[in-house]
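Reading the structure
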Amino acid sequence: MIAIEDVSKRYADGTVAVDRLSLQIPNHSITVLVGPSGCGKTTTLRMINRMIEPSSGTIRVNGEDILRKPVNALRQSMGYVIQNAGLFQHRTILDNIATVPRLLGWSKQRARARAAELMERVGLDPAMARRYPYQLSGGQQQRVGVARALAADPPILLMDEPFSAVDPVVRRGLQEELLRIQGELGKAIVFVTHDMDEAITIGDRVAVLRTGGKLAQFAAPDELLSAPADAFVEEFLGGDRGIRGLSFLSTRDLALDRSRVFPVGSDWQQLAGESAGAGPVLVTDADAKPLGWADLTVWAGDVQALEPHGQAFEVGKDSLRVALDRAVLSPTGQAVAVDGAGRVLGLAGQETVAAAIRAARQRRAADSEGVSTVKAAR
Amino acid sequence: MNGFFDIPSDLQSSYLGLISTHMQEALVPVLVGLLLALPIGLLCVRVNWIYPPVLWITTVLYAIPSIAFFVVLIDYTGLSKTTVMIPLTLYSLVVLVPAVVDGVRSVPEETNAAAAAMGIGSLRRYLQVQLPIAVPAIMAGLRVATASSISLVSVGSLIGNQGALGNLLTTAMLYHRPLLAVNSVVTTAVLAVLVDAVLVLLRRVLTPWQPASGRKAARRTSTIAGAARTPESVS
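Because the structure is predicted, anything quoted here is derived from the model rather than measured.

With 19 residues of chain B at the contact, the number on the chain A side is 21 residues. Of all elements in the fold, only helix 5 (109–117), helix 6 (122–152) and helix 9 (215–229) of chain B reach the threshold of two or more residues within the side of chain B that touches chain A. Element by element, the count of residues in the side of chain B that touches chain A is highest for helix 5 of chain B, at six residues. For the side of chain B that touches chain A, the class distribution of residues is 14 nonpolar, four polar and one charged.

So, about the sheet that holds strand 8 (residues 188–193) of chain A. What links the strands of a sheet is backbone hydrogen bonding, and the strands pair in either a parallel or an antiparallel sense. All names here are of chain A. The strand order 6-7-8-3-9-10 describes an open sheet built from six strands, whose pairing is mixed. Every interior strand has two partners, whereas the edge strands, strand 6 (78–82) and strand 10 (214–219), have only one. With strand direction ignored, the average angle separating the axes of adjacent strands in the sheet is 15°. Along the sheet face, helix 6 (residues 138–150) touches strand 6 and strand 7 (156–160) and points at about 165° away from the line of strand 6.

When the domains of chain A are assigned, the result is domain 1 (2–239) and domain 2 (261–356). With centres defined by C-alpha atoms, the gap from domain 1 of chain A to domain 2 of chain A works out at 44 Å.

Even without a glycine there, the phi angle at aspartate 153 of chain A is positive, about 55°. Along the chain, the position of aspartate 153 of chain A falls in the loop between helix 6 and strand 7.

As a further point, take the confidence of the model for chain A. Any segment with low pLDDT has predicted coordinates that should not be analysed in fine detail. Summary statistics for chain A give a mean pLDDT of 90 and a share of 96% for residues scoring 70 or more. Here residues 372–378 of chain A is modelled with pLDDT under 50, and outside its nearest four sequence neighbours on either side it reaches zero contacts, counting other chains as well.

Quick notes on the rules
- Residues numbered from 1 in each chain as written.
- Chains lettered and ligands numbered in written order.
- Predicted model: local features only at pLDDT ≥ 70, side-chain atom pairs only at ≥ 80, totals over all residues.
- Contact = placed C-beta atoms within 7 Å.
- Helix = DSSP H or I, 4+ residues; strand = E, 2+ residues; numbered from the N terminus.
- Nonpolar A, V, L, I, M, F, W, Y, C, P; charged D, E, K, R; others polar.
- Pairing = 2+ DSSP bridges.
- Axes fitted to C-alpha atoms, helices over the stretch in contact; angles between N-to-C directions.
- Domains from an automatic or database assignment.
- pLDDT = per-residue confidence, 0-100.

Shown next as structure tokens:
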């Protein structure tokens with residue numbers, strides 16, 4: 001655990017980069033520092049590994065004041081990933097990753113074996129081991145940067161806008177990779193970004209800083225989206241925080257409509273008589289995989305003539321945001337819900353999703369009331 | 001005894017002997033100059049304000065005529081090669097110090113920050129990260145310093161037989177043998193070109209990590225891509 005206690009950074013010219021900041025950064029989780037430029041997020045990060053010394057306040061790692069430890073030993077116990085990777089261009093990929101183990105006195109052989117293991121972990125082709133950084137793409141270089149930071153298995157990982165310089169598609173890949181690695185390793189990660197979307201995607205907890213280095217809000221992403229502390233946080237979250245907040249709501253409890261899904265080979269004539277006025281139905285194959293939409297008043301049973309059903313969402317895995325997105329994109333206004341194997345479980349219309357959102361809101365309101373009752377009882 | 005390679009006996013040396021003396025008097029100063037430039041460079045990079053005065057001093061040293069150095073040095077080192085090599089060493093600094101400093105300053109900020117954040121101490125950072133990355137700039141400086149040193153050795157003829165190939169010029173005038181002057185100039189030029197070629201080769205060997213420019217780069221990446229597709233590299 002990293003405890004930042006009442007830390008300020010003032011420069012000689014009077015600028016205040018960080019103003020009496022206090023943050024508790026737990027182990028086994030990703031804490032994101034986010035804010036506009038000049039909010040002191042990078043300064044805060046660099047004070048943790050003493051690349052910048054605070055003007056006042058203390059920072060403790062697992063209870064120990066970081067000023068007590070020799071500076072290079074402290075830094076070797078924290079992985080550091082930087083924008084543009086900052087690789088050593090004169091060393092091969094393998095030797096770049098082996099840097100900190102070598103500093104710690106590992107033999108060349110052991111350090112390289114460890115580096116090769118890490119290349120695999122971050123999803124790099126082993127054939128790249130002997131290449132030099134200039135021969136890699138930006139995204140690959142950034143993977144090397146992450147591998148290099150993890151090489152000596154430090155309990156803490158500091159990441160300073162690591163994915164800001166790569167294109168959006170690669171960035172998403174890197175974010176997913178980071179979450180996967182974090183799931184396996186469970187480090188205490190401090191992640192700096194100016195991108196709120198990124199903060200919400202990867203953060204377990206998000207600290208929003210405002211210009212001048214003051215903490216505006218420190219909360220879990222869904223709480224941030226549903227209850228921004230003030231106008232600054234709300235504006236920084238952007239215009240669609242309501243929709244984005246749906247990312248944190250599960251589709252598990254959606255009231256799916258199973259009455260309008262039929263396998264091929266059903267008696268279409270009879271069905272047309274029953275449900276002609278009720279609009280389109282979803283036709284599935286024998287394995288219950290979706291085939292397409294049919295309007296029974298005109299459809300004659302030809303699978304080729306079905307209207308495409310578009311993308312489905314997976315119940316339990318995808319969020320309400322995905323379900324709503326599918327419903328909006330669907331030609332019939334109905335999203336197709338499937339299980340892990342792609343078999344249709346039912347349909348969810350925009351109204352169904354809306355009802356699930358309302359139910360989730362009520363549950364949350366009840367929960368927070370419960371919490372305040374507990375607090376009051378203490 | 002009037003041929004191109006017939007060296008008058010008062011030079012007390014064969015043609016090859018002149019070449020060997022010349023190379024020694026030219027290259028030792030550059031090497032010593034480089035060894036001096038590395039710590040001076042470190043100081044200039046670490047303590048920023050020192051660089052302008054250091055640069056100023058090297059320029060002033062360069063502006064002092066070698067004969068003035070000789071007048072002072074002869075009392076201590078006599079009419080020796082050392083007397084020639086000391087001013088040449090100081091002259092090389094005017095190129096080598098900026099080469100080292102600019103080379104080290106060209107190291108990307110992220111690279112320095114990453115190195116510091118990994119707990120690489122500052123001396124180690126200089127030797128293992130910054131200097132290797134500065135090699136192309138330092139080699140460019142070495143090429144200029146070496147070429148200039150090879151041509152400057154001739155001033156040694158001012159203090160007797162210490163000018164090596166330069167002494168051929170004075171002898172050519174003395175004995176009215178213009179061919180010897182041609183020999184001096186051509187040999188010096190050939191030496192300069194050869195040493196330069198060696199330095200270029202050395203730079204390539206030292207920097208396998210540098211992208212070759214232009215067409216070569218395209219060819220190299222295509223071979224890498226090709227190599228990646230072969231079954232050996234897949235296994």
